[in-house]
Amino acid sequence: MLEEAMNAIAEDGLAALTMSALAERLGTSGGHILYYFGSKDLLLLAALRWSEAALAEERRQLLARRLSAPRRLDLFLALYLPRGPRDPRWTLWIELWARIPANEELRAAQRELDRAWQDDLESLLAKGVERGHFAPTDVPARASELLALLDGLSTRVVLADDAAAPRAALESARRAAEVLVPRA
């Protein structure tokens with residue numbers, strides 16, 4: 001169900017995703033979907049969690065690879081950013097950000113998902129500093145700043161109608177990383 005919701009978002013956009021349209025794609029009823037999720041917000045949150053769980057596994061594998069810290073950081077940046085303007089994960093993030101102020105459950109989930117990215121980036125940067133790849137720095141602050149920048153770049157990619165946007169965002173992220181986390 002969650003995979004099909006992500007596919008529908010990628011194909012038709014989030015505005016076209018209704019419970020009845022998703023039910024039709026799945027060959028079931030909107031009531032059946034509501035039984036499992038309770039609301040569209042909770043369905044979207046479940047789809048985002050499912051997507052983020054897959055990315056968490058990719059991050060775990062990335063961080064375990066025997067690569068230099070600068071190379072791991074570069075791969076981390078690429079993993080974080082959207083694949084293109086119709087990236088369903090980022091479309092979901094943007095939609096849920098708009099709903100967070102009125103929904104404590106979404107706010108808590110957003111903090112939890114963001115914390116996982118923050119923790120992994122802090123670990124990557126700390127190991128890079130420890131091994132002499134990066135100059136000594138305030139790791140939590142630099143990680144937070146870099147993630148905020150990545151969020152902004154990601155939003156621009158998703159809102160753009162430009163096939164070159166993901167590549168441009170990655171180049172901008174690389175330049176920012178060089179400033180925020182200089183090599184030793």
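Going by the structure above, here's the rest.
The structure contained in this document is the topic of the report that follows. (Residues numbered from 1 in each chain as written. Predicted model: local features only at pLDDT ≥ 70, side-chain atom pairs only at ≥ 80, totals over all residues. Heavy atoms only, no water.)

**Brief notes about the nonpolar core**
For step 1, the next point in the chain: Core analysis: the biggest nonpolar cluster contains 55 residues, and Leu73, Phe76, Leu77, Leu92, Leu121, Leu125 and Leu150 have the highest contact counts within it.
For step 2, the next point in the chain: Top contributing element to this core by residue count: helix α4 (residues 40-64), with 9 residues.
For step 3, the next point in the chain: Residue contacts for phenylalanine 76: discarding those within four places in its chain leaves Arg59, Leu62, Trp117, Asp120, Leu121, Leu124 and Leu147. (Core = buried A, V, L, I, M, F, W, Y, C linked by side-chain atoms within 4.5 Å. Buried < 20%, exposed > 50% of the residue type's maximum accessible area, 1.4 Å probe, protein only. Helix = DSSP H or I, 4+ residues; strand = E, 2+ residues; numbered from the N terminus. Contact = heavy atoms within 4.5 Å.)

**Regarding the packing of aromatic side chains**
The geometry of two aromatic rings is summed up by the distance between their centres and the angle between their planes.
For step 1, the next point in the chain: Enumeration over the complete set of coordinates arrives at 6 aromatic pairs.
For step 2, the next point in the chain: On the numbers, 4.7 Å between centres and 80° between planes, the contact of tyrosine 80 with tryptophan 117 is edge-to-face. Taken together, the positions of tyrosine 80 in helix α5 (residues 69-80) and tryptophan 117 in helix α7 (residues 104-130) put the pair 37 residues apart, joining distant regions of the chain. Assigned by exposure class, tyrosine 80 and tryptophan 117 land together as buried.
For step 3, the next point in the chain: Between tryptophan 90 and tryptophan 97, the ring centres sit 5.8 Å apart and the planes meet at 65°, which makes this aromatic pair edge-to-face.
For step 4, the next point in the chain: Through pairs of rings, three or more aromatic residues link up here, namely Phe76, Tyr80, Trp90, Trp93, Trp97 and Trp117. (Phe/Tyr/Trp six-rings, centres within 6.5 Å; stacked < 30°, edge-to-face > 60°.)

**Concerning α5**
For step 1, the next point in the chain: With 12 residues, α5 ought to run about 16 Å at 1.5 Å a step, and its terminal C-alpha atoms sit 16 Å apart, in line with that.
For step 2, the next point in the chain: Burial analysis of α5 places 9 of its 12 residues in the buried class, which makes it a mostly covered element.
For step 3, the next point in the chain: Those residues of α5 that sit buried are Ala69, Pro70, Arg72, Leu73, Asp74, Phe76, Leu77, Leu79 and Tyr80.
For step 4, the next point in the chain: Contact partners of the buried residues in α5: α4, α6 (88-99), α7, α8 (139-159) and α9 (165-180). (Expected span 1.5 Å × (residues − 1).)

**Details of the packing of α5 against α9**
For step 1, the next point in the chain: It is at 10 Å that the axes of α5 and α9 come closest, and there the two elements cross at 140°. The pairing of α5 with α9 is recorded here as oblique in orientation. Where α5 crosses over α9, the two elements pack in a sense that is right-handed. Contacts between α5 and α9 involve Leu73, Asp74, Leu77 and Ala78 from the first element and Leu170, Ala173, Arg174 and Ala177 from the second.
For step 2, the next point in the chain: Taken together, the residues that form the contact of α5 with α9 break down as 6 nonpolar, no polar and 2 charged. (Axes fitted to C-alpha atoms, helices over the stretch in contact; angles between N-to-C directions. Parallel < 35°, antiparallel > 145°, perpendicular 65-115°, else oblique. Left-handed = near helix turned anticlockwise from the far one by under 90°. Nonpolar A, V, L, I, M, F, W, Y, C, P; charged D, E, K, R; others polar.)

**Remarks on helix α2 (residues 19-26)**
For step 1, the next point in the chain: When we look at burial in α2, the residues that qualify are Met19, Leu22 and Ala23. One side of α2 holds all its buried residues, which, seen down the axis, span an arc of 100°. For α2, the exposed residues set more than 90 degrees away from the buried face come down to Ser20 and Glu24.
For step 2, the next point in the chain: For α2, the secondary structure elements touched by its buried residues are α1 (2-12), α3 (30-37) and α4. (Arc of directions from axis to C-beta.)

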